[in-house]
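Each chain, written out:
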Amino acid sequence: MNAPTPVEAVALPLPQGLLAALQAEFGMRCSTALSVREQHGRDESVFDVPPPQAVVFAESEAEVARVVALCAEHRVPVIPYGAGSSLEGHLLAVRGGVSLDVSRMNQILRIDAEDLTVTVQPGVTRKALNEALKHEGLFFPIDPGADASLGGMAATRASGTNAVRYGTMRENVLGLRFVSAAGEVVRSGSRAKKSSAGYDLTRLVIGSEGTLGVITELTVRIHPLPEAVSAAVCSFPSIDAAVRTAMQIIQIGVPIARCELLDVNAIKAVNAHDKLGLKEVPMLLMEFHGSEAGVAEQATTVQEVAADQGGEAFEWATTPEARTRLWTARHHAYFAGLQLRPGCRAVTTDTCVPISRLAENINASIAEVEAAGLPYFIVGHVGDGNFHMAYLLDPGRPEELATAERLSAQMVARAIALDGTCTGEHGIGLHKQRFLLDETGEEAVAVMRAVKQALDPLGILNPGKVFSG
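Since the model is a prediction, treat every value here as computed from it, not as a measurement.

> Can you break down the layout of surface pockets residue by residue, with the values?
Approximately 910 Å³ is the volume attributed to the second largest pocket. Every residue lining the second largest pocket is counted, 36 residues in all, and those nearest its centre are Arg-157, Ile-206, Gly-207, Thr-423 and Ile-428. Those elements that provide at least two residues to the lining of the second largest pocket are α7 (169–172), α8 (201–205), α16 (433–440) and α17 (442–455). Here the element with the most residues in the lining of the second largest pocket is α17; it accounts for four residues. Here the residues of the lining of the second largest pocket sort into 13 nonpolar, 14 polar and nine charged.

Dropping the structure here:
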């Protein structure tokens, strides 16, 4: 069910000259088959939009540039596509056009272990990168849960479970190569750890959701695998107690690597899905990285803080197998949550607020959804004030979608009022455009529009995303 949320979707017929040129140059790698187009025209968002009119599978930077140049010549939209794991309608063809699939550009081009950097093509996924790096004793820390491509992660400014210690894609991308709307290759940044050379085009493209350029190469920071890793779970009497614990951990400077909240509904879901026996109350799932002594010290401190807030059933997972089982369950929480209401689909939304206001935002959101009578579950990266609410809907009851959208709007409005943001990591896409103006103001959106107009005057790069028009 991609629910019929109203969205302006207007697609002109694909010019025959463009289609002929793409088929001549790419052969079978240019597809108009309905099954291929539909695969590239849907995600986990709530929008029902017709698929792109063609899909091209690029295998090199030169091919990306050629596709974009041809689309520019014919004034046809081009939508970058990586792993298809976005949540806010980023890859939907609201103006029709060509889906440019870069998943076959999946080569790790250079590992510089001494400098702790790696250069990759955009189709490399985080799991594939870490599989290659582990033999060097290194790892890439950004973990949004899904096995997303690095190009897509940069385009949406992804973060995830490790962000509390290692930051987001914004902090971990040093340089890019991308194709502009004119079909020209642009290089920004370098392997240097810092630079003050001109405008920061790298940070401009990161988070631009494919609207300013098509990423063809990334140089990212990597990190040594920690000497010791330990994970722990701790149960709490309330959401408040769990969030206060996370807040105190951050405030006293414990360098915790991950700090995840699961509400009681999420715990019930992962217990059933992954055959766990976790106590069905709010829980923090934490991970510590460092030396043996450092990890032990961090863990002792955190256990004391948790106990002061009523935390109990503190359990450790020190073996790789036990840790993997816990984190696999966390990453399966979305799919596990869907089983709470068989046959349902979920509307998910995320917000991020200063951590001191996180419990307030979560508790108010819970009160609203319980009053509305919708099933739900919550997971959150509480170490940085970010949480996700999933509303579970009956596909045959459109009134439930309307209720979920109303509740989502209330949650986002509250986050903005608490000096937070409408999205901590999902991005704007189609779903949160109406909140961007509330958060940033007319002046900031006008500047964004001016940047878009300057870099993409024909409006061919992923049109209709971030803001309409």
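Moving on, there is more to tell.
> So what's going on with helix α3 (residues 61–74)? Which residues, and what values?
Along an α-helix, residues three or four apart share an orientation, since each turn contains 3.6 residues. Under the 1.5 Å per step criterion, the end-to-end length of α3 is 20 Å for 14 residues, consistent within 8% with the ideal 20 Å. Considered for burial, the residues of α3 that qualify are Glu-61, Glu-63, Val-64, Ala-65, Val-67, Val-68, Leu-70, Cys-71 and Ala-72. After α3 finishes, the residue Arg-75 shows a positive phi value of roughly 55°.

> Now, about the pairing of strand β12 (residues 228–235): what can you tell me, with residues and values included?
Most of β12 sits out of view: eight of its eight residues are buried. Strand direction decides the pairing type here: β12 and strand β14 (residues 283–290), joined by eight bridges, are antiparallel. Across the sheet, the residue bridging to Cys-234 is Leu-284, located in β14.

> So what's going on with the packing of aromatic side chains? Residues and values would help.
By convention here, two paired aromatic rings are described through the distance between centres and the angle between planes. Under the criterion given, the structure shown has four aromatic pairs. Where Tyr-334 meets Phe-335, the ring centres are 5.2 Å apart and the plane angle is 85°; that geometry is what we call edge-to-face. The side chain of Arg-104 reaches across the aromatic face of Phe-57, ending 4.5 Å from its centre. When the ring centre of Trp-327 is taken as origin, the NZ or CZ atom of Arg-258, which lies over that ring, is 4.3 Å away.

> I'd love a proper account of empty space enclosed by the protein, names of residues and values included.
Taken as a whole, this structure holds three cavities of 30 Å³ or more when the rule is applied. Put simply, the largest cavity is a space of about 40 Å³. Where the lining of the largest cavity is concerned, the elements lending two or more residues are β14 and α12 (320–331). The dominant element in the lining of the largest cavity, judged by the number of residues it contributes, is α12, at three residues. Of the residues in the lining of the largest cavity, the class split is eight nonpolar, no polar and one charged.

> Could you give me a rundown of the packing of helix α15 (residues 398–417) against α16, with the residues and numbers involved?
Where α15 contacts α16, the two axes come as close as 10 Å, and the packing angle between them is 20°. The orientation of α15 relative to α16 falls into the category roughly parallel. Seen along the crossing, α15 lies across α16 with a hand that is right-handed. Residue-level inspection shows Glu-405, Ala-409, Val-412 and Ile-416 of α15 in contact with α16, the latter providing Arg-434, Phe-435, Asp-438 and Glu-439.

> Break down a nonpolar patch on the surface for me, citing the residues and quoting the values.
Taken together, the side chains of Tyr-199, Leu-201, Leu-204 and Leu-455 make up a nonpolar region of the molecular surface, amounting to roughly 420 Å² of accessible area. By the element assignment, Leu-455 lies in helix α17. Residue Leu-455 is classed as partly exposed on the basis of its relative accessible area of 39%.

> An account of the sheet that holds strand β4 (residues 98–101) is requested, with residue identities and associated values reported.
As a general point, the strands of a sheet are linked pairwise by backbone hydrogen bonds and lie either parallel or antiparallel. Pairing is mixed across the open sheet formed by four strands, whose spatial order is β1-β2-β4-β3. Every interior strand has two partners, whereas the edge strands, β1 (30–31) and β3 (78–81), have only one. Two strands pair when backbone bridges link them, and β3 and β4 are joined in this way by four bridges, in the parallel orientation. Bridge pairing in β4 links Pro-80 to Leu-100.

> Report on the state of the cysteines, specifying residues and quantitative values.
Here the structure, examined in full by the defined rule, presents zero disulfides. Cys-259 provides the cysteine sulfur closest to Cys-234, a residue in no disulfide bond, and the two sulfurs are 10 Å apart.

> Provide a residue-level description of the environment of Pro-354, including the pertinent values.
The residue Pro-354 is located in the loop between β16 (345–352) and α14 (358–372) in this model. Put simply, Pro-354 and Met-247 are 107 residues apart on the chain and 9.9 Å apart in space, counted from C-alpha to C-alpha. With near-sequence residues (within four places) excluded, Pro-354 lies in contact with Leu-418, Asp-419 and Gly-420.

> If you had to explain the nonpolar core to someone new, which residues and values would you point to?
Formed by 54 residues in total, the largest nonpolar core has its most connected members in Leu-284, Met-286, Phe-288, Ile-362, Met-389 and Tyr-391. The element contributing the most residues to this core is helix α9 (residues 239–251), with six residues. Apart from the residues within four sequence positions on either side, Met-389 is in contact with Val-347, Thr-348, Thr-349, Ser-365, Ile-366, Val-369, Tyr-376, Phe-377, Ile-378 and Met-411. Phe-26, Cys-30, Val-67 and Val-78 belong to the second largest nonpolar core, which has 27 residues in total.

Cut-off values and rules
Residues numbered from 1 in each chain as written. Predicted model: local features only at pLDDT ≥ 70, side-chain atom pairs only at ≥ 80, totals over all residues. Heavy atoms only, no water. 1 Å grid on protein atoms, 1.4 Å probe; cavity = no way out; pocket = protein on both sides within 12 Å on 5 of 7 lines; lining within 4 Å. Points joined across faces, edges and corners; volume = space filled by probe spheres on them. Helix = DSSP H or I, 4+ residues; strand = E, 2+ residues; numbered from the N terminus. Nonpolar A, V, L, I, M, F, W, Y, C, P; charged D, E, K, R; others polar. Expected span 1.5 Å × (residues − 1). Buried < 20%, exposed > 50% of the residue type's maximum accessible area, 1.4 Å probe, protein only. Pairing = 2+ DSSP bridges. Phe/Tyr/Trp six-rings, centres within 6.5 Å; stacked < 30°, edge-to-face > 60°. Lys NZ or Arg CZ within 6 Å of the ring centre and 35° of its normal. Axes fitted to C-alpha atoms, helices over the stretch in contact; angles between N-to-C directions. Parallel < 35°, antiparallel > 145°, perpendicular 65-115°, else oblique. Left-handed = near helix turned anticlockwise from the far one by under 90°. Contact = heavy atoms within 4.5 Å. Patch = residues over 30% accessible without salt bridge, like charges linked within 9 Å, V, L, I, M, F, W, Y side chains within 5 Å. Areas by Shrake-Rupley, 256 points an atom, 1.4 Å probe, with all protein chains shown as cover. Salt bridge = Lys/Arg side-chain N within 4 Å of Asp/Glu carboxyl O. Disulfide = S-S within 2.5 Å. Core = buried A, V, L, I, M, F, W, Y, C linked by side-chain atoms within 4.5 Å.

What is shown is where atoms sit, not what they do.
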